[in-house]
Amino acid sequence: MEELTSHSRPFQYIGDFDPSEPQPWPKEEKDWHSLHELLVKRVEESDTLPVHQVNNSDYLPQLVFYGDSITEGWSGTSFGNLPGSHRMWKDGEDESIRDVFANAFGDKSDWGTRALKPPLILGISGSRTYDFIWRVLNGEFPISSLLKDGTHHDNGNENEFQMKKLERIYILLMGTNNLGGGMLPEPTIKGMDASVRTILQLHQEHFPDVPAAMIFNELLPRKDDFRAVKMCPPRCKDVEKLEPYQSFTPAIEKVNRALPALVDSWRKDFPNSRIILLSSLAKAETDDVGDVKQNDTSVITCGKELFDIKDVDEFDEYMPDRLHPNAKGYELWSHCLKKGLDAIMMR
């Protein structure tokens, strides 16, 4: 793939796109298509790998990380290459981030030694909901069965009928680039809904007798206000006066407040599933927060571990470009993700 310049990609207005209609990036976007093809190969390779043989009661599901640049960042890349200087990473930051991942979820972690297969990182920088759905429908979804021999968890409780067959946990962060492309919160929520339903429907089609498990991450805060200003025109707070939006924060907050009810609808439509919402909202701001309930959707409140940091200087320590985490930021976020995994596993 071609090396990227040090500048961030120019603004592309997508406000009129259908956020739920599968659509790839234009063929001229060779870096996007090249990375998609690479991720498809990684999924195919993962599907052909033998299952890691561990004690029947000691295995862990395979982790599948889905998303955009923030998810791709776990690999230390942007469009498959070292990010440009606009990311504001220090020298060697990419290696440090990969090490954080290895220690939290990869070959240096508990998951690395006990998971049925190594984790998959399936993120492409700039992805919006519509092209993410296209990606998943076109090869970025693992289809191999992992427990063909009947191996299962024996967790000794009445929820065992679901847990004993759990093979994978899907971890999804998606939607910020819809807002960044000038899309309003309502259609962004529609696209996020369609993204999750696409994964759960594919899971149901390929594994009808296997429970689905998902960690759905709320939109992370972003303080790259200059991009909100640049959206005007056409996306303006006041079109006649050409008054721009000054921040993404109100839109992000509107989206995130809608998520608990959305997650509840997934639970109802996909009853053989366990879905955890990672949220920074205070408990009083959500409809379903508290202790993990068996066979139910739960909201895990993480606060600072989801970058709910009011002080700008402190925020910059974790997201130096005010949009993407650095190694310190990924380390912080990993603690919240681990809480979600613990909730999925009922531990």
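Since we're looking at a predicted model, the values are computed, not measured. (Residues numbered from 1 in each chain as written. Predicted model: local features only at pLDDT ≥ 70, side-chain atom pairs only at ≥ 80, totals over all residues. Heavy atoms only, no water.)

Please explain the packing of aromatic side chains as it appears in this structure.
To describe a pair of aromatic rings, you give the distance between the ring centres and the angle between the ring planes. For the structure on display, the rule yields 17 aromatic pairs. When the ring of W74 is compared with that of F105, the centres are 5.8 Å apart and the planes differ by 90°; the resulting orientation is edge-to-face. Separated by 31 residues along the polypeptide, W74 in the loop between α2 (69-72) and α3 (93-104) and F105 in the loop between α3 and α4 (110-114) bring together distant segments of the chain. Owing to a relative accessible area of 1%, F105 belongs among the buried residues under this scheme. Consider the rings of F216 and W266, whose centres lie 5.0 Å apart with planes at 80°: the pair is edge-to-face. Residue F216 is found in strand β4 (residues 212-217), and its partner W266 is found in helix α10 (residues 249-269); the two are separated by 50 residues along the sequence. Among the aromatic residues, those joined into a ring-pair cluster are F65, W74, F101, F105, Y330 and W333. K223 extends its terminal NZ or CZ atom over the ring of F315, reaching a point 4.9 Å from the ring centre. (Phe/Tyr/Trp six-rings, centres within 6.5 Å; stacked < 30°, edge-to-face > 60°. Helix = DSSP H or I, 4+ residues; strand = E, 2+ residues; numbered from the N terminus. Buried < 20%, exposed > 50% of the residue type's maximum accessible area, 1.4 Å probe, protein only. Lys NZ or Arg CZ within 6 Å of the ring centre and 35° of its normal.)

Any chance you could explain unusual backbone geometry here in plain terms?
Trans peptide bonds make up the majority, and among non-glycine residues the majority have a negative phi. In the segment running from C232 into P233, the intervening peptide bond is cis, with an omega of -15°. Structurally, P233 can be placed in the loop between α9 (225-230) and α10. Omega for the peptide link from P233 to P234 comes to 10°, which places this bond in the cis form. Position of P234 among the secondary structure elements: in the loop between α9 and α10. Unlike most non-glycine residues, M88 shows phi in positive territory, near 65°. Positionally, M88 belongs in the loop between α2 and α3. One non-glycine residue with positive phi stands out, namely R322, at about 70°. Here R322 lies in the loop between α11 (312-318) and α12 (327-344). You can call R322 partly exposed: its relative accessible area is 31%.

For this particular structure, what's the right way to read the packing of α3 against α12?
Angle between the axes and distance between the axes: these two values describe a pair of packed helices. Their axes nearest at 9 Å, the elements α3 and α12 cross at an angle of 15°. Between α3 and α12, the crossing angle belongs to the class labelled roughly parallel. Crossing of α3 against α12: the hand is right-handed. Between α3 and α12, the contacting residues are E93, S96, I97, V100 and A104 on the first element and A327, K328, Y330, E331, S334 and K338 on the second. (Axes fitted to C-alpha atoms, helices over the stretch in contact; angles between N-to-C directions. Parallel < 35°, antiparallel > 145°, perpendicular 65-115°, else oblique. Left-handed = near helix turned anticlockwise from the far one by under 90°. Contact = heavy atoms within 4.5 Å.)

How do you make sense of the state of the cysteines when you look at a structure like this?
By definition, a disulfide links the sulfur atoms of two cysteine residues through a covalent bond. Enumeration according to the criterion identifies 2 disulfides in this entry. Each disulfide pairs two cysteine sulfurs, and for C232 the partner residue is C236, the sulfurs being separated by 2.0 Å. Negative torsions about the S-S bond denote left-handed disulfides, and the value of about 95° found for C232 with C236 makes this one right-handed. When sorted by exposure, C232 lands in the same class as C236, which is buried. Here the disulfide map of the protein reads 1-2, 3-4, the bonded cysteines being numbered as they appear in the sequence. (Disulfide = S-S within 2.5 Å.)

Looking at this model, I keep getting lost on the side chain of N178. Mind explaining?
Along the chain, N178 turns up in helix α7 (residues 176-180). Residue N178 is classed as buried on the basis of its relative accessible area of 0%. Here the side chain of N178 touches T129 through a polar contact of 3.0 Å, side chain to side chain. Not counting residues within four places of it along the chain, the set of residues in contact with N178 comprises I14, P19, R128, T129, M183 and T188. (Polar contact = N/O pair within 3.5 Å; in protein donor to acceptor, adjacent residues only side chain to side chain.)

Can you walk me through the nonpolar core in this structure?
Within soluble globular proteins, side chains that are nonpolar tend to cluster in buried spots. Counting residues in hydrophobic clusters, the biggest one holds 44 residues, and the most contacted among them are Y66 and I199. In contact with Y66, not counting residues within four places along its chain, are T71, L122, F132, V136, E140, F141, P142, Y170, I171, L172, L173 and I199. Residues I121, L306, F315 and A327 belong to the second largest nonpolar core, which totals 41 residues. (Core = buried A, V, L, I, M, F, W, Y, C linked by side-chain atoms within 4.5 Å.)

Where do I start with empty space enclosed by the protein in this structure?
Once rolled over the atoms, a probe with the size of a water molecule shows which space is left empty. A full pass over the atoms with the stated rule returns 2 cavities of 30 Å³ or more. Each pocket or cavity is described by its volume, and for the largest cavity that value is around 60 Å³. Forming the walls of the largest cavity are D68, I70, L173, M174, G175, T176, L219, L220, P221, R222 and L323. Looking at the lining of the largest cavity residue by residue, the classes come out as 7 nonpolar, 2 polar and 2 charged. (1 Å grid on protein atoms, 1.4 Å probe; cavity = no way out; pocket = protein on both sides within 12 Å on 5 of 7 lines; lining within 4 Å. Points joined across faces, edges and corners; volume = space filled by probe spheres on them. Nonpolar A, V, L, I, M, F, W, Y, C, P; charged D, E, K, R; others polar.)

Teacher, can you tell me more about the packing of helix α1 (residues 30-48) against helix α5 (residues 129-137) here?
Orientation of α1 relative to α5, taken along the N-to-C sense of each, is 35°, at an axis distance of 11 Å. In this structure, α1 crosses over α5, and the sense of that crossing is right-handed. Facing W32, H36 and L39 of α1, the residues of α5 in contact are D131, W134 and R135. Of the residues belonging to the contact of α1 with α5, the class tally is 3 nonpolar, 1 polar and 2 charged.

What's the story with the pattern of salt bridges in this structure? I'm lost.
The full count for this structure, using the stated rule, is 19 salt bridges. Where D94 meets R98, a salt bridge forms, and the shortest distance between an N and an O atom there is 3.1 Å. With a gap of 4 residues between them, D94 and R98 both fall in helix α3, about one helical turn apart. Here R267 ties to D264 by a salt bridge, and the two come within 1.7 Å at their closest N and O atoms. Here D264 and R267 lie together in helix α10, a separation of 3 residues that amounts to about one turn. Here the residues in one salt-bridge network are D58, D110 and R114, joined through shared partners. (Salt bridge = Lys/Arg side-chain N within 4 Å of Asp/Glu carboxyl O.)

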